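Each chain is listed here by its residues.
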Amino acid sequence: MDSTRQDDRRTTSTERRKRELLEAAERIVLRDGPGASMNAIAAEAGITKPILYRHFGDKGGLYRALAVRHTNALLAGLRAALDAPVLRRDRVESTLDTYLAAIETRPQVYRFLMHPADEENPAESGFDVGRHSAPLLRRLGEELAEVIRERLDLGPDGEEKARVWGHGIVGMMHAAGDWWLRERPCSREQLVQHLTDLLWGQLAAVKDRAEGPGF
């Protein structure tokens, strides 16, 4: 029994230490973005780089731990928006805005997760953007698909359609948000409205231009 308690204490201590190191890493990522280095993170945490490697293995391991941490927080926000007792369109707007607000509020963290430094030379940076960001987006897509499947009657092929919709909406949010964060062609509120209009069926309702070939 004493051995079990000691193991539990060691596990709790290790988890607490890992959380502290992730918080130090976040501070450096917020400062340096994709250029955040293991040396800088170790210095911020007051440890040597070998100790940091002992906890995370390499920069890829640290990246994955930060990705899980931020994906969990983002999913909590998205679920809260999806659970809001409001009209469906308002809920769609709130969900889109939650995602966009997250990347707007912490752009350096977003860039670290989606656009690591040296992405043209992934072997030098220790990881490549596609290999690590794709699982994050897939997780968001599956989570949204589950919500859609639980709440909408999509007929006999509902599970397949829910997954297509879930991943399609996440892909749209990611691509549009990435472009918007780089170029800022409009306000976040305007972007939310435009994307909601698209999801709300405006593409089907809008008329073709008289002089155009049609869409």
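Because the structure is predicted, anything quoted here is derived from the model rather than measured. (Residues numbered from 1 in each chain as written. Predicted model: local features only at pLDDT ≥ 70, side-chain atom pairs only at ≥ 80, totals over all residues. Heavy atoms only, no water.)

Take the packing of helix 5 (residues 88-105) against helix 10 (residues 188-199) next. Running from N to C, helix 5 and helix 10 point in directions that differ by 135 degrees, and their axes come no closer than 9 Å. If you check the angle between helix 5 and helix 10, you find them oblique. Pair helix 5 / helix 10 crosses with right-handed handedness. Residues Arg89, Val92, Glu93, Leu96, Asp97, Leu100, Ala101 and Glu104 of helix 5 lie in contact with helix 10, whose contacting residues are Arg188, Leu191, Val192, Gln193, Leu195, Thr196, Asp197 and Leu199. Tallied by class, the residues present in the contact of helix 5 with helix 10 amount to eight nonpolar, two polar and six charged. (Axes fitted to C-alpha atoms, helices over the stretch in contact; angles between N-to-C directions. Helix = DSSP H or I, 4+ residues; strand = E, 2+ residues; numbered from the N terminus. Parallel < 35°, antiparallel > 145°, perpendicular 65-115°, else oblique. Left-handed = near helix turned anticlockwise from the far one by under 90°. Contact = heavy atoms within 4.5 Å. Nonpolar A, V, L, I, M, F, W, Y, C, P; charged D, E, K, R; others polar.)

With that settled, consider the packing of aromatic side chains. According to the stated counting rule, one finds one aromatic pair in the structure shown. Across the ring face of tryptophan 180, the terminal group of arginine 184 is positioned such that the distance to the ring centre comes to 4.5 Å. (Phe/Tyr/Trp six-rings, centres within 6.5 Å; stacked < 30°, edge-to-face > 60°. Lys NZ or Arg CZ within 6 Å of the ring centre and 35° of its normal.)

The next thing to look at is unusual backbone geometry. Positive phi, normally seen in glycine, also occurs at arginine 184, with a value near 45 degrees. Among the structural elements, arginine 184 can be located in the loop between helix 9 (158-183) and helix 10.

Positionally, glutamate 44 belongs in helix 2 (residues 38-45). Once residues within four sequence positions are removed from consideration, glutamate 44 is found in contact with Ala24, Arg27 and Ile28.

Our focus in this paragraph is the environment of valine 147. Note that valine 147 resides in helix 8 (residues 129-151). Under the relative-accessibility criterion, valine 147 is labelled buried at 15%. For valine 147 and glycine 166, which are 19 residues apart along the polypeptide, the C-alpha to C-alpha distance reads 8.5 Å. (Buried < 20%, exposed > 50% of the residue type's maximum accessible area, 1.4 Å probe, protein only.)

Another point: the packing of helix 5 against helix 9. Between two packed helices, the angle of one axis relative to the other and the distance separating the axes together describe the packing. Direction vectors running N to C along helix 5 and helix 9 enclose 40 degrees, while the axes themselves pass 10 Å from each other. Between helix 5 and helix 9, the interaxial angle falls into the category oblique. When you trace helix 5 past helix 9, the crossing you get is right-handed. On the side of helix 5, the interface is formed by Leu96, Tyr99, Leu100, Ile103 and Glu104, while helix 9 contributes Met172, Met173, His174, Gly177, Trp180 and Leu181. The residue inventory of the contact of helix 5 with helix 9, partitioned by class, reads eight nonpolar, two polar and one charged.

Read these as geometric descriptors, not functional statements.
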